[in-house]
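Structural features, examined
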Amino acid sequence: MHIILMGPPGAGKGTQAALLAEQEQIPHISTGDIFRANMGQGTPLGKLAKQYVDAGKFVPDDVTNAMVKDRLAQDDCKKGFILDGYPRTADQAQALAGMLADLSLSLDGVVKIDVPDPLLVERAEGRRVCRNCGATYHVKFNPPAVPGVCDKCGGELYQRSDDTAEKLQVRLTEYHQQTAPVLEYYQSKGLVKTVDGDQPMASVTAAIKKAVAKV
Ligand code: ADP
Ligand code: ADP
Ligand code: ZN
């Protein structure tokens, strides 16, 4: 399974990518997770990304593309991958096409997870992320057994600084302006499958698997 998950911030890309990665035993490549891990460790990449991520703006394409190129070149991507949150701009989509051609890899599908904008505020505000392993929870829709503690690793859960109603609006504007051309590009190639993201998590997973299953 070589797929891209697309959708607005809070649509459930990360949640679904983690579930599919575990079930299919393939890597989950989230540009947002890689930026946050680097920010947490204070690396040069993290310091550069932080000013953009905290503002709700996209990190520049050259930085993001180079990071994904490194990751896709690793051996574990040969058997499959789930790209979560990349590509998000037309430039990134072009760059990805070049990377895949160089690696002799092809895409099975681009899954667009649809969730109406008004539902995204509650999803983002209630999101909690593990500082240690990056696992995602929701205070209401997917709570951990012990509040504030990761079920998987016992790490501390925190609220992302960009998960406020105000920052979400900036991110949604970025999404609608910059990511719409990416969807059009993949639509022209007949790769886009749309899945309803406003249903229980397991139902969304089943719908994604069905959408990308080879006939
Ligand atoms: P994205 O990666 O698209 O930004 P996430 O997967 O992090 O989205 O999900 C955003 C928030 O919504 C998280 O707190 C997550 O637990 C919750 N969530 C994800 N999928 C669903 C769903 N189908 N129903 C309700 N809440 C969900
Ligand atoms: P969400 O799915 O909720 O939008 P992510 O974790 O995917 O959140 O992304 C968080 C932030 O990381 C984005 O707002 C942006 O600043 C940065 N980012 C993630 N992916 C990209 C990308 N492909 N291009 C540029 N910036 C990105
Ligand atoms: Zn954890």
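Presented here is an overview of the structure given in this document. Bear in mind that the values here come from a model prediction, so they are computed numbers and not experimental data.

Cut-offs applied
- Residues numbered from 1 in each chain as written.
- Chains lettered and ligands numbered in written order.
- Predicted model: local features only at pLDDT ≥ 70, side-chain atom pairs only at ≥ 80, totals over all residues.
- Heavy atoms only, no water.
- Donors = N, O, S within 2.8 Å, 3.2 Å for Na, K, Ca; no water.
- Buried < 20%, exposed > 50% of the residue type's maximum accessible area, 1.4 Å probe, protein only.
- Salt bridge = Lys/Arg side-chain N within 4 Å of Asp/Glu carboxyl O.
- Helix = DSSP H or I, 4+ residues; strand = E, 2+ residues; numbered from the N terminus.
- 1 Å grid on protein atoms, 1.4 Å probe; cavity = no way out; pocket = protein on both sides within 12 Å on 5 of 7 lines; lining within 4 Å.
- Points joined across faces, edges and corners; volume = space filled by probe spheres on them.
- Core = buried A, V, L, I, M, F, W, Y, C linked by side-chain atoms within 4.5 Å.
- Expected span 1.5 Å × (residues − 1).
- Axes fitted to C-alpha atoms, helices over the stretch in contact; angles between N-to-C directions.
- Left-handed = near helix turned anticlockwise from the far one by under 90°.
- Contact = heavy atoms within 4.5 Å.
- Nonpolar A, V, L, I, M, F, W, Y, C, P; charged D, E, K, R; others polar.
- Pairing = 2+ DSSP bridges.

A look at the coordination of the zinc ion (ligand 3)
Taken together, the protein ligands of the zinc ion (ligand 3) are C130 (SG), C133 (SG), C150 (SG) and C153 (SG), with distances of 2.3 to 2.4 Å. When the donors of the zinc ion (ligand 3) are listed by position in the chain, the intervening gaps give C-x2-C-x16-C-x2-C. C130 gets classed as buried once you look at its relative accessible area, which sits at 3%.

Things to note about the pattern of salt bridges
A full pass over the atoms with the stated rule returns twelve salt bridges. Between D163 and R127 there is a salt bridge whose closest N-O contact spans 2.8 Å. Here D163 is found in the loop between β7 (157–158) and α7 (165–188), whereas its partner R127 is found in strand β5 (residues 127–130), with 36 residues between them in sequence. Where D163 meets R171, a salt bridge forms, and the shortest distance between an N and an O atom there is 3.2 Å. A single burial state applies to D163 and to R171, both of which are buried.

Structural notes on empty space enclosed by the protein
Which parts of space are left empty comes out when a probe the size of a water molecule is rolled across the atoms. Under the criterion given, the structure shown has one cavity of 30 Å³ or more. Lining the largest cavity we find I4, L5, M6, G7, K13, G85, Y86, P87, R88, Y175 and T179. Where the lining of the largest cavity is concerned, the elements lending two or more residues are β1 (2–6) and α7. Here the lining of the largest cavity gets three residues from one element, more than from any other, and that element is β1.

What to know about the nonpolar core
Of all hydrophobic cores here, the largest spans 22 residues; its most connected members are L72, F81, L96 and Y186. When contributions to this core are tallied by element, the ones reaching two or more residues are β1, α4 (61–72), β3 (81–84), α5 (90–102) and α7.

As for α4
For α4, which comprises twelve residues, the first-to-last C-alpha distance of 16 Å matches the rise-based estimate of 16 Å (1.5 Å per residue) to within 8%. Within the span of α4, buried status applies to V63, T64, N65, M67, V68, R71 and L72.

Some remarks on the packing of helix α2 (residues 31–41) against helix α3 (residues 44–55)
Here α2 crosses α3 at 115°, and the two axes come no closer than 8 Å. Our pair here, α2 against α3, has a crossing hand that is left-handed. Only L45, G46, A49, K50, V53 and D54 of α3 make contact with α2, whose side of the interface consists of F35, N38 and M39. Within the contact of α2 with α3, the residues separate by chemical class into five nonpolar, two polar and two charged.

Notes on the sheet that holds strand β4 (residues 109–114)
Spatially, the five strands line up as an open sheet ordered β2-β3-β1-β4-β8, and their pairing is parallel. Each end of this open sheet is capped by a strand with a single partner; those strands are β2 (28–30) and β8 (192–196). On average, adjacent strands in this sheet sit at an angle of 25° to one another, irrespective of strand direction. Relative to β4, β1 runs parallel, the two being bridged by four bridges. Within β4, the position partnered with I3 by the bridge is G109. Relative to β2, α2 is tilted by about 65°, and along the sheet it contacts β2 and β3. Along the sheet face, α7 touches β1, β4 and β8 and points at about 145° away from the line of β1.

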